[in-house]
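# Observations on the model geometry
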Amino acid sequence: IDLLELGVNTILVDADTVLLRNPLPFFRRWPDADVLASTDHLVNSTAEHGLEQLHVAHSHWNVGLFYLKAATAKPFAHAWRDLLIRKPHWW
């Protein structure tokens, strides 16, 4: 959240995640997205390897790779943090 407050678009990557390609071109395909996250859904639900269709994927986020746009994702980040503080067993 501190980076978002400073106006920095933020990419979170788990310590056990290996990036085989630069993710920035993928993120740039959706300039209007505030938040992009990886999932454990192992089958692509789109024909062109785009964003998953939520009604098909039914997968939980796996924040092995997580992108937050500074200009617009701050309310989401604050709400998510507050939820995890209130419900620590969720993570």
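Here goes a summary of the coordinates provided. (Residues numbered from 1 in each chain as written. Predicted model: local features only at pLDDT ≥ 70, side-chain atom pairs only at ≥ 80, totals over all residues. Heavy atoms only, no water.)

## Concerning the environment of F66
Condition: Numbering of helices and strands runs from the N terminus, with a helix taken as a DSSP run of H or I at least four residues long and a strand as a DSSP run of E at least two residues long.
Residue placement: F66 occurs in strand β3 (residues 61–68). Considering only alpha carbons, one finds F66 and L12, 54 residues apart in sequence, at a separation of 5.0 Å.

## Some points on the side chain of T10
We apply this condition: For every residue, the accessible area obtained with a 1.4 Å probe (protein chains only) is divided by the maximum for its type, and the residue is called buried under 20%, exposed over 50%, and partly exposed between those limits. Think of a polar contact as two N or O atoms within 3.5 Å of one another; within protein, one of them needs to be a possible hydrogen donor and the other a possible acceptor, and neighboring residues in sequence only count if both atoms come from side chains. We call two residues contacting when some pair of their heavy atoms lies within 4.5 Å.
Turning to its location among the elements, T10 is positioned in strand β1 (residues 10–13). The exposure class of T10 is buried, given its relative accessible area of 8%. A polar contact is formed between the side chain of T10 and the backbone oxygen of V8, at a distance of 2.9 Å. Ignoring sequence-local partners within four residues, the contact set of T10 consists of L3, L4, F66, Y67 and L68.

## Things to note about a nonpolar patch on the surface
Rules: Like charges within 9 Å and nonpolar side chains (Val, Leu, Ile, Met, Phe, Trp, Tyr) within 5 Å are joined into patches, using only residues over 30% in relative accessible area that form no salt bridge. Computed with the Shrake-Rupley method and a 1.4 Å probe, the accessible areas treat only the protein chains shown as cover for residues. Salt bridges, as used here, are contacts in which a Lys or Arg side-chain nitrogen is within 4 Å of a carboxyl oxygen on Asp or Glu.
Residues I11, V13, L19 and L24 make up a contiguous nonpolar surface patch of about 280 Å² in total accessible area. Structurally, V13 is set in strand β1. The exposure class assigned to V13 is partly exposed, which follows from its relative accessible area of 39%.

## Details of the environment of P75
As for its position among the elements, P75 is in helix α4 (residues 74–86). The sequence separation of P75 and I1 amounts to 74 residues, and the corresponding C-alpha distance is 9.7 Å.

## Remarks on the pattern of salt bridges
Under the definition given, this model contains one salt bridge. In this structure, D82 engages R81 in a salt bridge whose closest nitrogen and oxygen atoms are separated by 3.1 Å. Of the residues examined, D82 reaches a relative accessible area of 31% and is grouped as partly exposed.

## So, the packing of aromatic side chains
Here is the rule we go by: A pair of Phe, Tyr and Trp rings is counted when the ring centres sit within 6.5 Å of each other, with Trp represented by its six-membered ring. The angle between the planes then sorts it: under 30 degrees is stacked, over 60 is edge-to-face, the rest tilted.
One pass over the full model with this rule turns up six aromatic pairs. Their ring planes at 50° and their centres at 5.0 Å tell us that F66 and W80 sit as a pair that is tilted. Here the residue F66 occupies a position in strand β3, and W80 occupies one in helix α4, the gap between them amounting to 14 residues. Given the relative accessible area of 0%, F66 is considered buried. An angle of 25° between the planes, with centres 5.9 Å apart, marks the rings of F76 and W80 as stacked.

## With respect to the side chain of K69
Spelled out, the test is: Only four residue types enter the tally: Lys and Arg on the positive side, Asp and Glu on the negative side, with His and both chain ends excluded.
Residue position: K69 is located in the loop between β3 and α4. Lacking a salt bridge, the buried K69 has D34 as its closest oppositely charged neighbour, with an N-O distance of 4.8 Å. Of the polar contacts made by the side chain of K69, one reaches the backbone oxygen of A33; its length is 3.4 Å. Each residue touching K69, except ones within four places of it in the same chain, is listed here: L4, N9, P31, D32, A33, D34 and K74.

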